[in-house]
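# Understanding the architecture of this molecule
Chain residues, written in single-letter form:
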Amino acid sequence: QVQLVESEGGLVQAGGSLRLSCAASGTIFRLNLMGWFRQAPGKQRELVTTITSGGHTIADDAVKGRFIISMDNAKNTVYLQMNSLKPEDTAIYYCNAQVVPTAQSLVHQYWGQGTQVTVSS
C-alpha cells in the first residue's frame, strides 16, 4: 500500500504565493509520476500539473507561468510552488501518484486526502 501525505494549504491574498508538498511512502518499486489535481466547489476535479520521474512536466493552461512543479526522487516527494495566485485558484488540491509497488506489479494510482487552498480577492 502507498500513502500520500500532503502539506497544509492555507488562505492567501490574491497575488500571493503558497507552496504545497506531497510525500509518498509505503511499498514503492518505482514512482512513475506525481502531480496535482484540484476541485473547486460545484466543479469536477481537474488536472493542475504533473511531473514524471524523468522530469517531464505538463500543466493546465490556467496555471502555466504561475505554478511550478518539482520532484525530489530520493524523497518520493512532489512540490507545487504556486505564484501570482488568483481567487479562481481556490479549490481543494489533491496529490496524485502513479506507482509500481513491486517488480511484478502493474501501475497503481493513489490519491492524497486533499488540502484546501483559498485565495481571497
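In this report, the structure presented in the accompanying data block is examined. (Residues numbered from 1 in each chain as written. Predicted model: local features only at pLDDT ≥ 70, side-chain atom pairs only at ≥ 80, totals over all residues. Heavy atoms only, no water.)

## Focus: the overall build of the protein
- When you go through the protein residue by residue, the secondary structure sums to 0 helices and 11 strands.
- Listed N to C, the secondary structure of the protein is β-β-β-β-β-β-β-β-β-β-β in terms of helices and strands.
- The globule rule puts the C-alpha radius of gyration for 121 residues at 14 Å, and the 14 Å found for the protein is close to it.
- If you line up the protein on its principal axes, its C-alpha atoms span 50 × 25 × 20 Å.
- For the protein, the residues scored as buried account for 39% of the 121 residues in total.
- Of all intrachain contacts in the protein linking residues separated by at least 6 positions in sequence, the fraction that spans at least 24 positions is 57%.
- Accessible surface for the protein amounts to roughly 6,400 Å². Of this, 49% is attributable to carbon and sulfur atoms.
- In the protein, which carries 9 positive and 8 negative side-chain charges, the distance between the mean positions of the two groups comes to 3 Å. (Helix = DSSP H or I, 4+ residues; strand = E, 2+ residues; numbered from the N terminus. Rg over C-alpha atoms; globule rule 2.2 N^0.38 Å. Buried < 20%, exposed > 50% of the residue type's maximum accessible area, 1.4 Å probe, protein only. Contact = heavy atoms within 4.5 Å. Areas by Shrake-Rupley, 256 points an atom, 1.4 Å probe, with all protein chains shown as cover. Lys, Arg positive; Asp, Glu negative; His and termini not counted. Charge placed at Lys NZ, Arg CZ, Asp CG, Glu CD.)

## Side note on the environment of T102
- Among the secondary structure elements, T102 is positioned in the loop between β9 (91-100) and β10 (108-111).
- Under the relative-accessibility criterion, T102 is labelled partly exposed at 31%.
- Taking the C-alpha atoms as reference, T102 lies 33 Å from M82; in sequence the two are 20 residues apart.
- The residues touching T102, leaving out its near neighbours within four places in the chain, are T27 and F29.
- A polar side-chain atom of T102 sits 2.6 Å from a polar atom in the side chain of S105. (Polar contact = N/O pair within 3.5 Å; in protein donor to acceptor, adjacent residues only side chain to side chain.)

## Quick notes on the nonpolar core
- Formed by 28 residues in total, the largest nonpolar core has its most connected members in L4, M34, W36, M82 and Y93.
- It is β9 that provides the largest number of residues to this core, a total of 5 residues. (Core = buried A, V, L, I, M, F, W, Y, C linked by side-chain atoms within 4.5 Å.)

## What about the pattern of salt bridges?
- Inspection of the entire model under this criterion finds 4 salt bridges.
- With a closest N to O distance of 2.9 Å, E46 and R38 form a salt bridge.
- With relative accessibility at 36%, the residue E46 sits in the partly exposed group.
- Taking relative accessible area as the criterion, R38 reaches 7% and is therefore assigned buried.
- D89 is paired through a salt bridge with R38; the nearest N and O atoms lie 3.0 Å apart. Within this pair, whereas D89 is found in the loop between β8 (77-82) and β9, its partner R38 is found in strand β4 (residues 30-39), the two being separated by 51 residues in sequence.
- Residue class for D89 comes out buried when judged on its relative accessible area of 1%.
- One connected set of salt bridges, linked through shared partners, spans R38, E46, R66 and D89. (Salt bridge = Lys/Arg side-chain N within 4 Å of Asp/Glu carboxyl O.)

## A few points about the layout of surface pockets
- Volume-wise, the largest pocket comes out at about 160 Å³.
- What lines the largest pocket is a set of 13 residues, and nearest its centre among them are R38, A40, K43, E46 and E88. (1 Å grid on protein atoms, 1.4 Å probe; cavity = no way out; pocket = protein on both sides within 12 Å on 5 of 7 lines; lining within 4 Å. Points joined across faces, edges and corners; volume = space filled by probe spheres on them.)

Purely geometric stuff here, so don't read any function into it on its own.
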